[in-house]
Amino acid sequence: MLLSHGGEPLRTAAPVARWTVEQVLALAPDDASRKAGSKLGSAAPWSGGGCDGSGAVWGQCKGSGSKPYLTVIDITGPAYKCSCPSRKFPCKHALGLLLVWASGESALPAGEVPDWAGEWLEGRRRRSVEQAEKRAGADGVPSAGPADPEAARRRAERRAERITGGAQELEERLADLLRGGLAAADQPGYGLWEETAARMVDAQAPGLAARVRELGSIPSSGPGWPARLLEECALLHLLDSAWLGIDRLPEPLAATVRTRVGLTAPAEGPPVRDHWLVLAQYDTPDGKIVARRIWLYGRETGRTALLLSFGAAGRSPGLALPVGVTIDAEITPHPGSGRLRAELGRQFGVPSPTGTPPPGDTAAEAIGGYGDALREDPWLDAWPVTLRDVIPVPSGDGWQLVDAAGDAALPVAPAALSRPGLWKLVALSGGSPVTVFGECGHRGFEPFAAWSTGSDDDSGAGVGAGVGIEGEVGAEFGDGAEVGGGTRAPVGTRGVAAAAARSDTGSGRAEAVSGIVPLI
């Protein structure tokens, strides 16, 4: 949507700043769409295309039929419309058109919007203005709430009673499990866990059901699984106990408990306007739906926010923002869980394709931040963190992010070890410090995006006295780096990281990039 401060359409006089290829490909709903869109990223299959200063991009793509596919994009959303039958958003034609647009002005010259594209653009922007006017008219006016508040209260009470019954039953099953011994927990198979999860669904507690299914995946999952099962059982018992005693909890923690058991709460409070840098976007399967997570960082407020959207099976979530762009927008936070989750509201002007990384923390500060967040949400798996001046180095069967100027390190989470993004990070670093955004949790650090320092110095200056070259480890590190303030693990070398960069780029050193590099 394209709105001014007062909710009126905004027409920019200058052309909209073009995105990078990385930012375009980050919008792809899956790898297949990314590959198919890349094949359409040249001017050859396109005709009748153009763009204008308001953020509109359009074109006609030659297909297998007699008629071309009509594709139009509103960059300010972004939003897409295509005459193809694909159920993916954006489809391969929209991705291809964005790639052509990102390649330069000659491919899609500035011009007047054709009628077939203008009809959709005008309708979309008209609806955006109407919605903004409704929000503006409601400012300062209390929400009307449900049509029948008394009926809504009774429904909420009945659901709370069902959840309480489910939590009590779950406590009995956990007691039976511990009484029989965790070592035998793998004998009944997964069916017992699924049955228990189904009972939690019947109790209208989807959050409890999801945690029970996680328990079912732990037995026989590898060395040390009984200890991991005990930890998760303790967290589930803590959540059950918190729900059964929720009236005695302070309201922020009570809101977190309600969210964790599966009760949704609307976004509330005054909207927060800022220039939000899109740090990461990724999809994860969540049962029969797909959950999309988009991380934002506010330049003025210093706040990190999480946007969540969902798509049914076979359809990608509707909300998509290119990684690395900065949007002038309002967000409204949800209660609970550190108030990270938010809803995207009005956007002002057009997105900017540039943005500076957030001020980073050291590895020790990242662990401290995660610990502080656990006080508010004991069931938190990870916390968003930006690490500054860290170097990826190998460590045994995994990798670590080592502080360039200290003696602390964070292990890379096992889930990230098999992703191509890890090798992109190693190649980008080339043995030099980088800034990395990701999630820090009890499993380690998952990198989502990175920025290079832009230094081409291969002499070791600026890398830190702790890390030497060609297999040598500086005296500050001794035999290893401290991981999270505890266990000391072997530190890899700058030479190994540079070798990884050579294998990934073929040029001996990853190209220094001042902008953001998506890693997921």
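In case you missed it, the structure is sitting above this.
Figured I'd write up the structure that's included with this text.

**Comments concerning unusual backbone geometry**
Here F89 and P90 are connected by a cis peptide whose omega angle stands at -5 degrees. Position of P90 among the secondary structure elements: in the loop between β4 (79-82) and α3 (92-103). You will see that S220, though not glycine, has its phi angle at about 60 degrees, which is positive. Mapped onto the fold, S220 is located in the loop between α7 (206-216) and α8 (225-244). Despite not being glycine, D389 shows a phi value in the positive range, around 50 degrees. Its place among the elements puts D389 in strand β10 (residues 382-395).

**Considering the sheet that holds strand β7 (residues 304-312)**
Strand order in the closed barrel formed by five strands is β5-β6-β7-β9-β8, and the pairing between neighbours is mixed. The mean inter-strand angle of the sheet, taken between neighbouring strand axes irrespective of direction, is 45 degrees. Where strand β8 (residues 326-333) and strand β9 (residues 341-352) come together, six bridges link them in antiparallel fashion. Within β9, the position partnered with T332 by the bridge is E343.

**Re the nonpolar core**
Side chains of nonpolar character tend, in soluble globular proteins, to be buried together. The biggest cluster of nonpolar side chains holds 39 residues, and the ones touching the most others in it are W19, V57, I73, L98, W101, W276 and L296. Among the elements that make up this core, the one with the highest residue count is α3 (eight residues). Counting 29 residues, the second largest nonpolar core, distinct from the first, contains A185, L208, A209 and I246.

**Some details on the packing of aromatic side chains**
The full count for this structure, using the stated rule, is five aromatic pairs. Arranged with centres 4.8 Å apart and planes meeting at 40 degrees, the rings of Y282 and F448 form a pair that is tilted. Here the residue Y282 occupies a position in strand β5 (residues 272-286), and F448 occupies one in strand β14 (residues 444-452), the gap between them amounting to 166 residues. With a relative accessible area of 11%, Y282 lands in the buried category. A relative accessible area of 2% places F448 in the buried class. Clustering of aromatic rings is evident, with ring pairs tying together Y282, W295, F437 and F448. Sitting over the ring of F348, R273 keeps its end group 3.8 Å from the ring centre.

**Thoughts on the sheet that holds strand β1 (residues 46-51)**
As summarised here, the arrangement of the four strands in space is β1-β2-β3-β4, forming an open sheet in which the pairing is antiparallel. Each edge of the open sheet carries a strand with a single partner, namely β1 and β4. Shown here is a sheet whose adjacent strand axes are inclined to one another by a mean of 10 degrees, direction ignored. Both strand β3 (residues 69-74) and β4 contribute to a ladder of four bridges, which runs antiparallel.

**Considerations on the pattern of salt bridges**
Summed over all chains, the structure comprises 21 salt bridges. For E157, the salt bridge is made with R153, and the minimal N-O distance between the two is 2.5 Å. Of the two residues, E157 and R153 are both situated in helix α5 (residues 149-180); the distance of four residues between them amounts to about one turn of the helix. Owing to a relative accessible area of 40%, E157 belongs among the partly exposed residues under this scheme. For R153, a relative accessible area of 39% corresponds to the partly exposed category. One salt bridge in this structure joins R388 and E365, with 3.8 Å as the shortest N-O distance. Remark: E365 occurs in helix α10 (residues 363-376) and R388 occurs in strand β10; sequence separation between them is 23 residues. A single network of salt bridges, built from pairs that share partners, joins E150, R153, R154 and E157.

**Describing α7**
Helical geometry: 3.6 residues make up each α-helical turn, so side chains three or four residues apart lie on a common side. Here α7 has its buried residues at G207, L208, A209, R211, V212, L215 and G216. Of the surrounding secondary structure, the elements contacted by the buried residues of α7 are α5, α6 (190-202), α8 and α9 (251-261).

**Structural notes on the side chain of E439**
If you trace the backbone, E439 turns up in strand β13 (residues 434-441). Buried E439, no salt bridge; nearest opposite-charge side chain is R293, N-O distance 5.8 Å. There is a polar contact of 3.0 Å between the side chain of E439 and the side chain of Y282. Non-local contacts of E439, meaning those with residues more than four positions away in its chain, are made with Y282, W295, A382, W383, P384, G444, F445, E446 and F448.

Reading the values: rules and limits
- Positions within a chain are numbered from 1, following the residues in the order the chain's sequence is written.
- In view of the model being predicted, local features appear only for residues whose pLDDT reaches at least 70, and side-chain atom pairs are presented and counted only at 80 or more, with totals across whole chains, interfaces and linings using the full set of residues.
- Water and hydrogen atoms were dropped before computing side-chain values, which therefore reflect all heavy atoms in the structure.
- Put simply, DSSP marks the helices as runs of H or I at least four residues long and the strands as runs of E at least two long, and each gets a number from the N terminus on.
- For two strands to be treated as a pair, DSSP must find at least two bridges joining them.
- Fitting a line to C-alpha atoms yields each axis, with helices limited to the stretch in contact; the angle taken between N-to-C directions then spans 0 to 180 degrees.
- By convention a nonpolar core is built from buried Ala, Val, Leu, Ile, Met, Phe, Trp, Tyr and Cys residues, the set being connected through side-chain atoms within 4.5 Å.
- Exposure is judged per residue with a 1.4 Å probe applied to protein chains only, and the accessible area is read against the type maximum: over 50% gives exposed, under 20% gives buried, and values in between give partly exposed.
- Stacked, edge-to-face and tilted are the three classes for Phe, Tyr and Trp ring pairs, Trp counted by its six-membered ring, which pair at centre distances within 6.5 Å; planes under 30 degrees apart are stacked, over 60 edge-to-face, the rest tilted.
- Any Lys NZ or Arg CZ that is within 6 Å of a ring centre and within 35 degrees of that ring's normal is treated as a charge sitting over the ring.
- The term salt bridge refers to a pairing of a side-chain nitrogen on Lys or Arg with a carboxyl oxygen on Asp or Glu at a separation within 4 Å.
- Only heavy atoms matter for contacts: two residues are in contact if any of them lie within 4.5 Å across the pair.
- Lys and Arg are tallied as positive, Asp and Glu as negative. Neither His nor the chain termini are counted.
- Here a polar contact is taken to be a pair of N or O atoms separated by no more than 3.5 Å, where protein atoms must pair a possible hydrogen donor with a possible acceptor and residues adjacent in sequence count only if both atoms sit in side chains.

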